[in-house]
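Understanding the architecture of this molecule
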Amino acid sequence: MSNATDSLRFGSGQAIQRVEDRALVTGAGEFTDDVAPPGALHLAFLRSPHPHALIRGIDAASAAAMPGVVAVYTGAQLVEAGVKALPVAVPFKRADGNPVATAPRRALAHERVRYVGEPVAMVLATDREAARAAADAVWVDYEDLPAVTDAVAAMRRDAPRVLESAPDNVVAVARHGDAAAARAAFDRAAVRVSVDIVNQRLAPTPLEPRAVLAEPDPATGRLRIRLSSQMPTAVRDGVANALGLDVAAVRVVVGDVGGGLGMKTGVYPEDVAVAFAARALGRPVRWRADRIEEFLAATHGRDVVSQAELALDAAGKALALRVRAVANTGAYANGTAILIPLLIGPWVSTSIYDIPLIDFDLRAVATHTGTVGAYRGAGRPE
């Protein structure tokens, strides 16, 4: 068969027969929480009620003594065990030329919490309800601190500091275009129009909340992770890095996924926590997020404030586009939280129009809120 015929038969836009529907509509699909290995433990997280606070102490004795509880872990214990923070690697810097500034995002908070819903401790028990009850019995001594949730306000001199390495809370910046040429175009423009745009933060609610099952193989030492994810290789790499394992020692399996639209990409702190517990206890460990957990701790979307200006000549021809935007990354900036507002969104800002000049001044800013990342268009709607 010729290449031309192949492109007609298999090319973009050709109708194909769907094969997944029958299993899903008849209840025969297999989602992560449908898989229940014998002897699996259930994990529940205790989450911070504060947007910003120091952790002065944690008392888990009462929780550990409750029926069905097998283990309780804190952030300090995971740090002592050598569990690393999630890495952030993006080709951007701050305005002063220093590398991207972000607080270390750990599987469990250590010494400080920076947003409501951040996991602080985890309980492993023989059933889900026992784990949840014991998580409620963990006592944490918090010292409440000032917090800032608005990205523009976070850049003020008197704003509470989210990042020890950045007094202005700016994570990274990007400039695109030619500022001087755009300024000249605005000076000679017959018409100027401007608009202030607020793309509000949103919290995704997939039909299937995030779920993770980690199983150690005692014969090979390999860790098998089954989860609801759009990006299994990123989860594999992230878990391996955090636990100090070779990538080949972690296998990630994804079955049916009940929605995601971007928020199930990359590795989450909960993925690392479940994997650590499975290896530490030598048993399968299961976790499924509650709706309130997803609302607080799953990756949020948007949260960008922009000022846009367009210069036009007397005939209505666009001469230049100027944009000043501030994007809220949340307390812990990941790669997508930075790349989306500083690079991916700007790619499509001129849309289909012939705009010869641009001047984009873009900032990613940390606040005491949950992490922002990919969701439904990843920067293009903004």
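Quick caveat, the model's predicted, so the values are computed rather than measured. (Residues numbered from 1 in each chain as written. Predicted model: local features only at pLDDT ≥ 70, side-chain atom pairs only at ≥ 80, totals over all residues. Heavy atoms only, no water.)

1. Details of empty space enclosed by the protein
Filter applied, for reference: Grid spacing is 1 Å over the protein atoms alone, the probe is 1.4 Å, and a cavity is where that probe fits but cannot get out, while a pocket is an open set with protein on both sides within 12 Å along at least five of seven lines and lining residues have an atom within 4 Å of a point. Grid points are joined across faces, edges and corners, and a volume is the space filled by probe spheres set on the points. Each residue is assigned to one class: nonpolar for Ala, Val, Leu, Ile, Met, Phe, Trp, Tyr, Cys and Pro, charged for Asp, Glu, Lys and Arg, and polar for all the others, Gly among them.
Under the criterion given, the structure shown has two cavities of 30 Å³ or more. Within this model, the largest cavity holds a volume of roughly 60 Å³. Taken together, Arg210, Ala211, Val212, Leu227, Ser228, Ser229, Val235, Lys264, Thr265, Gly266, Tyr268 and Asp271 make up the lining of the largest cavity. Its residues placed into classes, the lining of the largest cavity shows five nonpolar, four polar and three charged. Computed from the structure, the second largest cavity encloses a volume of approximately 30 Å³. In this structure, the second largest cavity is lined by Gly75, Leu78, Val79, Val83, Lys84, Arg106, Ala107 and Leu108. Tallied by class, the residues present in the lining of the second largest cavity amount to five nonpolar, one polar and two charged.

2. Comments concerning the pairing of strand 10 (residues 223-227)
Filter applied, for reference: Residue burial is assigned from relative accessible area. The probe radius is 1.4 Å, only protein chains are included, and a residue is buried under 20% of its type maximum, exposed over 50%, and partly exposed in between. Strands here are runs of E lasting at least two residues and helices are runs of H or I lasting at least four, both read from the DSSP assignment and numbered beginning at the N terminus. Should DSSP find at least two bridges between two strands, the strands are regarded as paired. When the strands point away from the viewer, a crossover counts as right-handed if the route from the first strand across the helix to the second turns clockwise.
In terms of burial, strand 10 is largely enclosed, as four of its five residues are buried. Note: strand 9 (residues 211-216) against strand 10, five bridges, orientation antiparallel. Paired with alanine 214 across the bridge in strand 10 is isoleucine 225. In sequence, strand 9 turns back onto strand 10 through a hairpin of six residues, with glycine 221 there showing a positive phi of about 80°. Alignment of strand 10 against strand 11 (residues 250-253), held across four bridges, turns out to be parallel. The partner of leucine 223 across the bridge, within strand 11, is valine 250. For the segment spanning strand 10, helix 8 (residues 232-243) and strand 11, crossover handedness is right-handed.

In short, geometric facts, not functional conclusions.
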